[in-house]
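# A structural walkthrough
As a plain string of letters, each chain reads:
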There are 2 protein chains.
Amino acid sequence: MQPEKYIDQYRHALLNDVIPFWMKNSPDLESGGFFTCLDREGKVFDTDKFLWLQCRQVWCFAMLYNQVEPRREWLNMALTGAKFLQKHGRDDQSGNWYFSLDRYGNPLTQPHSIFSDCFATMAFGQLYKATGDEAFKTIATDTFYNILKRQDNPKGVYSKAVPGARPLESFALPMILCNLVLEIESLLEPALVNEVIGHGIDTVMNKFYRPELGVILENISPDGTFSDSFEGRLVNPGHGLEAMWFMMDLAERNSDEQLAQRAVDIAIQLIEYGWDHEHGGIFYFLDVKGNPPQQLEWDQKLWWVHMETLITLLKGYLHTGDERCAYWFERVHAYTWSHFSDPAHGEWFGYLNRQGEPLLTLKGGKWKGCFHVPRGLYQCWKTLEAIQAKVPLNV
Amino acid sequence: MQPEKYIDQYRHALLNDVIPFWMKNSPDLESGGFFTCLDREGKVFDTDKFLWLQCRQVWCFAMLYNQVEPRREWLNMALTGAKFLQKHGRDDQSGNWYFSLDRYGNPLTQPHSIFSDCFATMAFGQLYKATGDEAFKTIATDTFYNILKRQDNPKGVYSKAVPGARPLESFALPMILCNLVLEIESLLEPALVNEVIGHGIDTVMNKFYRPELGVILENISPDGTFSDSFEGRLVNPGHGLEAMWFMMDLAERNSDEQLAQRAVDIAIQLIEYGWDHEHGGIFYFLDVKGNPPQQLEWDQKLWWVHMETLITLLKGYLHTGDERCAYWFERVHAYTWSHFSDPAHGEWFGYLNRQGEPLLTLKGGKWKGCFHVPRGLYQCWKTLEAIQAKVPLNV
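What follows deals with the interface of chain A and chain B. The interface of chain A with chain B comprises 41 residues on the first partner and 41 residues on the second. Regarding the contact of chain A and chain B, the summed buried area is about 3,400 Å², with carbon and sulfur atoms giving 60% of it. Contact with chain B buries area across many residues of chain A, yet F45, K160 and L296 of chain A alone supply 20% of it, more than any other trio. Linking chain A to chain B there are four salt bridges. Here D48 of chain A makes a salt bridge to R166 of chain B, at a shortest N to O gap of 2.7 Å. Summed over the shared surface of chain A and chain B, the result is 14 residue pairs in polar contact (both at pLDDT 80 or more). Of all elements in the fold, only β2 (44-46), β5 (107-109) and β14 (358-360) of chain A reach the threshold of two or more residues within the side of chain A that touches chain B. Per-element tally for the side of chain A that touches chain B: the top contributor is β5 of chain A, with three residues.

Structure (structure tokens):
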């Protein structure tokens, strides 16, 4: 691993391509908040505002302000999004965050997704760090406690499942809590932080990771058994790979080398499982028994899957020096930069077909915003720097 | 158009390939009802029972019994499905039909889809025709009246939309009612039949069909205006093409030649709009403004789209003699038979990628069952015969 080969590439793309793309094209100067539906060149093609993406963009600019340098324009971007969210984001009655709003902030879709709340917590947590404004702290912590309260029944009245018929626990929420708790660690009681972390690690590594299958399942029965159903057989390799860098961050915090090595071992299993040996790239969805998955997009190559994998492989290498991480990093790096980045018009494509051609040429939409690409570029840049600083120790 | 070139091909595939495939592989001899999740060779890979497909398969076998010949084995297939549905299909409280059950009939998913009810009406209507059993008639008519009662708010409590925020009417229900009412015409008061038909034709041809855009939209505002949103811009060419043969059936019933010609003109517009000039086949979803659609499966080629289009083109030719129908029939026929049918293992693939290769090799799943292929083969066969019988008039 020669980190110096890559550091500039990641830093430069973040600061000179991706962030300027969103600064230029996404602010809604009239109504506040951000446009996220941007075509290949950055032109707005839809004005709806999706809470996941509004919150994630606030988080992104506040994080850059906190971690890279305190540029006033970045803080202003975060603040303009936050103002819109404070005014329009929550259902007054429940305090839950909506799923989508129209351009003007009128709610379109009910607060059915607890992930809106997760990303709101991240956003206002970072913004509190940036500004010290107590109002932001209150929003972050209130929302976090509300998530904990709802976590055993996250879909609430919006679930279409018949209660009790086939209870399933989903990987996404416990996994994201492992990241979220580190985001707002300083705002919480240490006992609560330790409880959430302990529970999160156990759930991810001992319940959803299945050594006998070599994968992380997306849904399991509450008693931990395998559910032989479409949901129970579902594997999303990129999701598991993302979770492994959350695990490595927790391992670093807890100085738990064993956890880091286990996360690396699982990550390597997942990438070997999810890699498309015919066309390259990582599949979006697979059925663990090899049956046809329900998702028609199963063979597509998604930007976030590859970005998160790059982070995991670099963190894995940093913490363990495992050469498999270096090998796979080079391979995924080569695929990712040659297929997702779009030097002609800036930012990255989000959705490729199996063959690696853009399936949609958008740069942002209902699910892709200013988040995975900049967070990933930042994380890779900083991890490469840490590897470089550590290199004399490894050789 | 030389119908004799094709008649045997459609009849033979129906009676010697497709129907035997389902007879052999789908009955659940232990718990009743049908398995529909069948792999390429017909092996069951999941045992959940989806109401749409259970009902459609009952309809299919009862229809064959009524229309082709009264084979006892076909009626038995329909009856075994009906018995399972009578016992497990409905929510006792509301009388609404569930979306899915487990193998044993325990409800898994709430009755959130009014289309379960539509297909139940079709199933029990055909079965009443086959048997004269009043219990079947009652189920068909009760369910139909229940649909009419729910039609203005079909999703009911399962909608995630904020009420009133962006009201949209969907094409699917009025379109399917145009077919459903003919299915059970003899069980209804003539005044009601005429009302549903009149309203259906008007809604499809004057509200959802947009002459200024040359397409049928999937969702419009209740006042008939265009909604510039993901939902409002959505076009599903195959859905509109299917609706056009429903219109032609109504035109035939009403001896309305003008309606038949209009349906042909729209069908030709839709196929010219939806045809993939690069790889052949009809796209699944398009955005009418040319923006990236939300559906990641937008460029895929689906079996039902092509089957329904073949029916429409043949009926169009039968009723109008329009040579554009003959031209497009030959083209779609060639694509469909060379890409979807699977002589090696029987039945048809359901999902192809844009390039025309099988994306999933299943023969049945959560959405593909014993319905579009056999119904389409039957409809094409019979329409080809009618064209043949009429040919001397056309030359």
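This part takes up the relation of the copies chain A and chain B. Mapping chain A onto chain B is achieved by rotating through 180 degrees and translating by 0.0 Å along the same axis, at an RMSD of 0.0 Å. In short, the pair behaves as if placed about a two-fold rotation axis. In terms of C-alpha distance to the rotation axis, chain A has E297 of chain A as its closest residue, with the C-alpha 3.0 Å off the axis. An overlap of 100% is found between the interface residues of chain A and their copies at the interface of chain B, pointing to a shared contact surface.

On to the packing of helix α8 (residues 237-253) of chain A against helix α9 (residues 257-274) of chain A. Residues and elements named next belong to chain A. One way to put it is that α8 packs onto α9 with a least axis distance of 9 Å and a crossing angle of 165 degrees. Compared by their axis directions, α8 and α9 come out roughly antiparallel. Here α8 and α9 pass one another in a crossing that is left-handed. Taking contact as the criterion, the partners of P237, G240, L241, M244, M247, M248, L250 and A251 in α8 are, on α9, L259, A260, A263, V264, I266, A267, L270, I271 and G274. A breakdown of the residues in the contact of α8 with α9 according to their chemical character gives 15 nonpolar, two polar and no charged.

Turning next to the domain arrangement of chain A. Residue and element names in this part refer to chain A. Segmenting chain A into domains produces domain 1 (1-25 + 168-395) and domain 2 (27-160). Computed over C-alpha atoms, the centres of domain 1 and domain 2 are 22 Å apart. Taken together, the contact pairs 41 residues of domain 1 with 46 residues of domain 2. Contact between domain 1 and domain 2 buries roughly 3,900 Å² in total, counting both sides, with carbon and sulfur atoms accounting for 75%. The largest per-residue losses of area from domain 1 upon contact with domain 2 belong to M23, E183 and L187, which jointly make up 16% of the total buried on that side. The tally of links between domain 1 and domain 2 comes to one salt bridge. Between D342 and R40 there is a salt bridge, and its shortest N-O distance comes to 2.8 Å. One can count nine residue pairs in polar contact (both at pLDDT 80 or more) joining domain 1 with domain 2. Put simply, the parts of the chain that give the side of domain 1 that touches domain 2 at least two residues each are α1 (7-25), α6 (172-183), α7 (190-208) and α12 (372-394).

Residue and element names in this part refer to chain A. On the basis of which strands lie adjacent, the open sheet formed by three strands has the order β12-β13-β14 and antiparallel pairing. Every interior strand has two partners, whereas the edge strands, β12 (301-302) and β14, have only one. Of the strand pairs in this sheet, β12 and strand β13 (residues 351-352) are connected by two bridges, and their pairing is antiparallel. What sits directly across from L302, in β13, is Y351.

This brings us to the environment of G156 of chain A. All names here are of chain A. Considering the arrangement of structural elements, one finds G156 in the loop between α5 (134-150) and β6 (169-170). Residue G156 is classed as partly exposed on the basis of its relative accessible area of 30%. In this structure the C-alpha to C-alpha distance between G156 and E357, which are 201 residues apart in sequence, comes to 39 Å.

With that settled, the discussion passes to a positive patch on the surface. Taken together, the side chains of K155 and K160 of chain A together with K155 and K160 of chain B present a region of like positive charge at the surface. Following the sequence through the fold, K155 of chain A ends up in the loop between α5 and β6. Residue K155 of chain A is classed as exposed on the basis of its relative accessible area, which comes to 53%.

Calculation notes
- Residues numbered from 1 in each chain as written.
- Chains lettered and ligands numbered in written order.
- Predicted model: local features only at pLDDT ≥ 70, side-chain atom pairs only at ≥ 80, totals over all residues.
- Heavy atoms only, no water.
- Contact = heavy atoms within 4.5 Å.
- Buried area = accessible area lost by both parts, 1.4 Å probe.
- Salt bridge = Lys/Arg side-chain N within 4 Å of Asp/Glu carboxyl O.
- Polar contact = N/O pair within 3.5 Å; in protein donor to acceptor, adjacent residues only side chain to side chain.
- Helix = DSSP H or I, 4+ residues; strand = E, 2+ residues; numbered from the N terminus.
- Least-squares fit on C-alpha atoms with pLDDT ≥ 70 in both.
- Axes fitted to C-alpha atoms, helices over the stretch in contact; angles between N-to-C directions.
- Parallel < 35°, antiparallel > 145°, perpendicular 65-115°, else oblique.
- Left-handed = near helix turned anticlockwise from the far one by under 90°.
- Nonpolar A, V, L, I, M, F, W, Y, C, P; charged D, E, K, R; others polar.
- Domains from an automatic or database assignment.
- Pairing = 2+ DSSP bridges.
- Buried < 20%, exposed > 50% of the residue type's maximum accessible area, 1.4 Å probe, protein only.
- Patch = residues over 30% accessible without salt bridge, like charges linked within 9 Å, V, L, I, M, F, W, Y side chains within 5 Å.
- Areas by Shrake-Rupley, 256 points an atom, 1.4 Å probe, with all protein chains shown as cover.
- Lys, Arg positive; Asp, Glu negative; His and termini not counted.
- Charge placed at Lys NZ, Arg CZ, Asp CG, Glu CD.

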